[in-house]
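# Reading the structure
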Amino acid sequence: MEKLTRKYGLITAICMVVGTVIGSGVFFKAQNVLNATGGNMPLGIAAWVITGFLMIICSLQFAIMATKYEKVSGVVDYAEATCGKTYAYYLAWFMVNIYYPGMTSVLAWVSARYFGVLFGWNLAGPEVMILAGFFLIASYTLNAFSPKLAGKFQISATFIKLIPIVLMAVVGTIVGSINGTLPQNFTTVVSETVGGSAGSGLFAAIVATVFAYEGWIVATSINAELKDPKKNLPLALIIGSIIVVVAYVFYYIGVAGGASNEVLMAEGAPTAFTNVFGSFGGALLNICIVISCLGTLNGLMVGTTRGMYAIAARGEGPDPEFFGRVDPKSNMVTNSSIWGIFICAVWLVYFYGANLSTGWFGLFNFDSSELPIITIYAFYIPMFIVWMIKEKEEGFVKRFLMPSLATLACLFMVFAAIYAHGITPFLAAKANGTFSFPVLFYLILFAAVLFIGFLFHRTKKK
């Protein structure tokens, strides 16, 4: 079977981590965090730091694994090395058919949504959906026919999206310190926290930040195309994760210098941008958000287009010879890419029907960008446990401490996702006399997709 060449360096890998995590969420999660904490700024900062710490813990564990295991597709390689080929197959099948395309399709719509804001388009209107489809196809085309150019775009988009974050962090902090807004926000609590206590408010704020940190694992999908992956991939995971946490925390502080807590809780970060940079700043924010989202979309598309190849390279799944082909001119997995764009289109239609229309799928309407967090982090846990059992030559820190902390971090991520999308909506629906438990029906769909994978897996075995 043809192999991919080593064409990406450390900078591209770091930009994959930073670029796929930082999307639109960083610009608007500040409002959710403030509302959860009742305008308590120190509590909000603690939430960003704690969730960032959880992400860093997980990335550190995968960085340790990356120094030992290297084959085709990062996290799938680690799954195979720890839990076996069959486990790796189901993880890869889930990622290529649910995790990657679910997030990728939503990012295409989010990119189109914020572009449409500049023209006053209906966020669920035909213009936005057509543009979302265009962004999806454009990202696929870039990755399928010019992977080197896609890597350069990822680097450019990452630096561009950091511009408004750095500007707000620096200028907002200076302006807020001079006019007294920042110290006032740090010492003033607007209202009671969610649940009425600091602990419950902190937990609610952490849940609000969880989804802003998702997407870093996509960087491991370029393992087979990364120069010196056993050195560069661990560095990319660690450095990229730290950059994201620092950017989020200082941006949150900078936003607090642009408006009072009461205003931020009601109107969000755009008001802070307008106060600090003027009306031009508001327009600049939307443009930067579009570029930021397109960068995240590109990073996710990188993982999506390589998904079936990761399966085929192991001789698994439907027609490994077909999906394992590498184009000799572009050195890209063309057939795997075609499946990637197809399944993204399916999920884009689903997202529109389930979340933007009247609810086409009944009980199976759920957020396809956030609920897969439940199963992706659940997949990691057995890998960490088996690592502790098998890697006897490692010292205490690498063999027990780091995987134990990573396991706890994963358990928390799973619980946070269930709490945000399962328990809370279910209780609200129960109070209104209706029934809604999206986590349950997502898990049913997840099981159905894995069963389809089982059929192909059995066929291959025979």
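Below: a short report on this structure. (Residues numbered from 1 in each chain as written. Predicted model: local features only at pLDDT ≥ 70, side-chain atom pairs only at ≥ 80, totals over all residues. Heavy atoms only, no water.)

## Topic: the overall build of the protein
Each helix and strand in the protein was counted, giving 19 helices and zero strands. For the protein, the C-alpha radius of gyration of 22 Å lies close to 23 Å, the compact-globule estimate for 462 residues. Dimensions of the protein, computed from C-alpha atoms along their principal axes, come out at roughly 70 × 55 × 50 Å. For the protein, the residues scored as buried account for 57% of the 462 residues in total. Look at the contacts in the protein between residues 6 or more apart in sequence, and 80% of them connect residues 24 or more apart. Total accessible area on the protein is roughly 17,600 Å²; 70% of this is exposed by carbon and sulfur atoms. Taken together, the 27 basic and 20 acidic charged side chains of the protein have centroids lying 8 Å from each other. (Helix = DSSP H or I, 4+ residues; strand = E, 2+ residues; numbered from the N terminus. Rg over C-alpha atoms; globule rule 2.2 N^0.38 Å. Buried < 20%, exposed > 50% of the residue type's maximum accessible area, 1.4 Å probe, protein only. Contact = heavy atoms within 4.5 Å. Areas by Shrake-Rupley, 256 points an atom, 1.4 Å probe, with all protein chains shown as cover. Lys, Arg positive; Asp, Glu negative; His and termini not counted. Charge placed at Lys NZ, Arg CZ, Asp CG, Glu CD.)

## Overview of the packing of aromatic side chains
In the structure shown here, the tally under the stated rule is 47 aromatic pairs. Between the aromatic rings of Trp-216 and Tyr-380, the centroid separation amounts to 6.5 Å while the plane-to-plane angle is 50°, which identifies the pairing as tilted. One end of the pair, Trp-216, is in the loop between α9 (198-210) and α10 (229-256); the other, Tyr-380, is in helix α17 (residues 372-390), with 164 residues separating them in the sequence. The residues Trp-216 and Tyr-380 share a single accessibility class, namely buried. Plain terms: the ring middles of Tyr-251 and Phe-273 are 6.4 Å apart, the flat faces sit at 40° to each other, and that makes the pair tilted. Pair noted here: Tyr-251 is in helix α10 and Phe-273 is in helix α12 (residues 269-277), with a separation of 22 residues, a long-range link. Like Phe-273, Tyr-251 is buried. (Phe/Tyr/Trp six-rings, centres within 6.5 Å; stacked < 30°, edge-to-face > 60°.)

## Thoughts on unusual backbone geometry
A positive phi angle, near 50°, is found at Asp-228, a position not held by glycine. Take Asp-228: it is sitting in the loop between α9 and α10. Even without a glycine there, the phi angle at Asp-319 is positive, about 50°. Note on placement: Asp-319 falls in the loop between α14 (307-312) and α15 (320-323).

## A look at a nonpolar patch on the surface
Together, Val-349, Trp-360, Phe-361, Leu-363, Phe-364, Leu-440 and Ile-444 give the surface a local cluster of nonpolar side chains, amounting to about 620 Å² of exposed area. Position of Leu-440 among the secondary structure elements: in helix α19 (residues 438-461). (Patch = residues over 30% accessible without salt bridge, like charges linked within 9 Å, V, L, I, M, F, W, Y side chains within 5 Å. Salt bridge = Lys/Arg side-chain N within 4 Å of Asp/Glu carboxyl O.)

## Section: the state of the cysteines
Here the structure, examined in full by the defined rule, presents zero disulfides. Free cysteine Cys-15: the closest other cysteine sulfur is in Cys-288, separated by 16 Å. Of the residues examined, Cys-15 reaches a relative accessible area of 5% and is grouped as buried. Here Cys-410 stays free of any disulfide, with the sulfur of Cys-58 as its closest cysteine sulfur at 3.8 Å. (Disulfide = S-S within 2.5 Å.)

## Comments concerning α12
The periodicity of an α-helix, 3.6 residues per turn, causes residues three or four positions apart to be oriented the same way. For α12, every residue scored as buried is listed here: Ala-269, Thr-271, Ala-272, Phe-273 and Val-276. As for α12, its buried residues are in contact with α2 (25-37), α7 (147-179), α10, α11 (261-267) and α13 (279-305). Looking one or two residues beyond α12, the residue adopting positive phi is Gly-278, at roughly 85°.

## Focus on the pattern of salt bridges
Oppositely charged side chains may form a pair once their charged atoms are brought near each other. Enumeration according to the criterion identifies six salt bridges in this entry. A salt bridge links Lys-68 to Glu-391, with the nearest nitrogen and oxygen atoms 2.5 Å apart. With Lys-68 in the loop between α3 (41-66) and α4 (75-83) and Glu-391 in the loop between α17 and α18 (396-431), this residue pair connects regions lying 323 residues apart in the sequence. With relative accessibility at 8%, the residue Glu-391 sits in the buried group. The shortest N-O distance in the salt bridge between Asp-77 and Arg-314 comes to 2.3 Å. Placement of Asp-77 in helix α4 and of Arg-314 in the loop between α14 and α15 is noted, with a sequence separation of 237 residues between them. For Asp-77, a relative accessible area of 4% corresponds to the buried category. When its relative accessible area of 6% is taken as the criterion, Arg-314 is described as buried. Salt bridges linked by common partners bring Lys-68, Glu-391, Glu-393 and Glu-394 together as one network.

## Points about the side chain of Glu-214
Following the sequence through the fold, Glu-214 ends up in the loop between α9 and α10. You can call Glu-214 buried: its relative accessible area is 7%. Reaching out from Glu-214, the side chain makes a polar contact with the side chain of Tyr-99 at a distance of 2.2 Å. Polar contacts involving the side chain of Glu-214 include one to the side chain of Tyr-377, which spans 2.9 Å. With near-sequence residues (within four places) excluded, Glu-214 lies in contact with Thr-20, Val-21, Tyr-99, Met-103, Ile-373, Ile-376 and Tyr-377. (Polar contact = N/O pair within 3.5 Å; in protein donor to acceptor, adjacent residues only side chain to side chain.)

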